[in-house]
Structure formats: structure tokens, C-alpha cells
Amino acid sequence: FGKNRIHTAWTGFNLFVLFWGIGTFFVGKASSPEEAAIAWRLAGTGGLAIPVLFYHTVYIFCETKKKTFLILAYLQFAVFWVLMFFTDLVFSNWRLLFNSIYYNTANIYYTTMMSSWLLVAFAGFFLLFRHSKSVTGLKKLQARYLFFGFLMGFAGGAYILLPAWKINVYPLGNIAISLYGIIGTYAIIRYRILDIKIVITRTGIFIATYTLVLGLPFVIGAVFKTSLIEMWGTN
């Protein structure tokens, strides 16, 4: 609900992270290459936009004036998204890994797309790092939290793509994206990063506490009941 440009950009970033998360969830659930292709395109929609919105957020935060690279970042997103979503040039050769996950084998189009992805992400980190060296006090702390928080998320997301180049590591990297959320939330509360103010009312605390206290036993009970049913069915 922020009104500043930087709030809009960061909100957009987080929404596309959500797209990425939903897409990769369905990638893990896909039972055929056709289903995997749809899921990877959904995940790719979020994934392609993530470095662009990251750069845009950093661009505003660092009060940069040159728009050329920002415009090019959005243009390359549009081009690669069309190629990925409406053609078979990017996703074409599927293989099943770990007995459960369909991965596309990287070709020249996929590799070019991901190289552009890395370039935009690197530009954002470089801009943020350079800015952190030129400011002091609270602004410097905010820049550092942004840098390391985003770095955790990007490293985790990039890690799960390695099997596309036949580096067959199990895709646990998405866990690191939660670290970005934790670091970002702490920085919001502790240092008002990006000038975000949090208002916590007594009613909010009451609802959160009782939701946890009353809801957790039901969750544990449901999981335990499911496990018992599976064990009973197996036996």
C-alpha cells in the first residue's frame, strides 16, 4: 500500500517471486513433459522479471538518473518472455531427473536468455555495491541489508537451474529465497528499509498469536493423521 515509486517496484519484485514459487511448485508436481513445459513457463514468467524489478528497485533506491540500461532491461524481458511463452525455441528437450522433476536441456536460446538474466542481476548488485560505498549511516546499513538479502534469494533461485546444463544437483536452492524474506523483513522492522513503516496493533498481535496457538495443533493433527493413513494403507 506504499505510495512511493520504490514501494511499487519492490512490490512488483515480490509478486514475481510469488510467480516463480508457484511455477516451481507445479514443476515438482508435473507428471509429463507437457505439464512441465506449462509449469516452467509460469515459473519463467516470474524468473525473467525478477532481475528487472530488482534492478528497478535498486535504480530508485540509489537515485540513479540514467535510464538507458533500465529501458534495455525491460525490453530484453519482453523479447525473451515472448520466445519462452509462445514458441518452442527455449524449451524443447526434456529429461526426467531425480525420478520426479522434468528439466529442459539448455540450448543456445535458453543459455542466451539466462546470460541476459545474469547480466541484469549483476548490474543491480554492482549499482547497489557502488552506492553502499558512497553513503554513510543508516543509508549504508540499508544498502548492505538489501545487497545481502537479494544475494541470498538470487543465489538460491539460480542454483535450481543448474541441471539444465547437466550439473545434476538436487534443487534445494529455493529454500534460500526464504532467507531473503527474513533479512528483508528484519531490515524493514529494524532499519525502516526503503522507508517502509510497520504498524502493529494490539488486535493484530492478538489475531496472530491465537491463530498460531489454536491453528498449530490442527495442522500437526492433520499431518499426523495423514501419516497414519499412509502407514496403515502401506501395511
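Above this text sits the structure in question.
Now for a quick tour of the structure. Keep in mind the model is a prediction, meaning the values are calculated, not measured. (Residues numbered from 1 in each chain as written. Predicted model: local features only at pLDDT ≥ 70, side-chain atom pairs only at ≥ 80, totals over all residues. Heavy atoms only, no water.)

Things to note about the overall build of the chain
What the chain contains, in helices and strands, is seven helices and two strands. Along its sequence from the N terminus, the chain presents helices and strands in the succession α-α-α-β-β-α-α-α-α. Considering only intrachain contacts with a sequence separation of at least 6, the fraction spanning at least 24 residues in the chain is 68%. On the chain, roughly 14,500 Å² of surface is accessible, and the fraction owed to carbon and sulfur atoms is 71%. (Helix = DSSP H or I, 4+ residues; strand = E, 2+ residues; numbered from the N terminus. Contact = heavy atoms within 4.5 Å. Areas by Shrake-Rupley, 256 points an atom, 1.4 Å probe, with all protein chains shown as cover.)

Details of the pattern of salt bridges
Considering all chains together, one arrives at one salt bridge under this definition. Put simply, Arg41 and Asp88 hold a salt bridge, and the shortest N to O gap is 3.3 Å. Residue Arg41 is located in helix α2 (residues 33-61), and its partner Asp88 is located in the loop between α3 (68-86) and β1 (94-97); the two are separated by 47 residues in the primary sequence. When its relative accessible area of 12% is taken as the criterion, Arg41 is described as buried. (Salt bridge = Lys/Arg side-chain N within 4 Å of Asp/Glu carboxyl O. Buried < 20%, exposed > 50% of the residue type's maximum accessible area, 1.4 Å probe, protein only.)

Looking at unusual backbone geometry
Trans peptide bonds make up the majority, and among non-glycine residues the majority have a negative phi. Even without glycine at this site, Glu63 takes up a positive phi of about 55 degrees. Take Glu63: it is sitting in the loop between α2 and α3. The phi dihedral of Lys166 falls on the positive side, at around 65 degrees, and the residue is not glycine. Mapped onto the elements, Lys166 comes out in the loop between α5 (137-159) and α6 (175-191).

Observations concerning the packing of aromatic side chains
Under the definition given, this model contains 27 aromatic pairs. Taking 5.0 Å as the distance between ring centres and 55 degrees as the angle between the ring planes, the aromatic pair formed by Phe54 and Phe154 counts as tilted. Of this pair, Phe54 sits in helix α2 while Phe154 sits in helix α5; the two residues are 100 residues apart in sequence, bridging distant segments of the chain. Taken individually, Phe54 and Phe154 each receive the classification buried, so the pair is uniform in this respect. By way of ring pairs, the aromatic residues Trp10, Phe13, Phe54, Trp117, Phe125, Phe129, Phe147, Phe148, Phe150, Phe154 and Tyr180 are connected into one cluster. In this structure, Lys139 is placed above the aromatic ring of Phe61, and the distance from its NZ or CZ to the ring centre is 4.4 Å. (Phe/Tyr/Trp six-rings, centres within 6.5 Å; stacked < 30°, edge-to-face > 60°. Lys NZ or Arg CZ within 6 Å of the ring centre and 35° of its normal.)

So, the nonpolar core
Side chains that are nonpolar tend, in soluble globular proteins, to be buried together. Ranked by size, the top nonpolar core spans 60 residues in total, and within it Phe13, Trp40, Phe150 and Phe154 carry the most contacts. Put simply, the parts of the chain that give this core at least two residues each are α1 (5-29), α2, α3, β1, β2 (101-104), α4 (108-134), α5 and α6. Broken down by element, this core gets its largest block of residues, 16 residues, from α2. Each residue touching Phe150, except ones within four places of it in the same chain, is listed here: Trp10, Phe13, Phe54, Phe125 and Tyr180. (Core = buried A, V, L, I, M, F, W, Y, C linked by side-chain atoms within 4.5 Å.)

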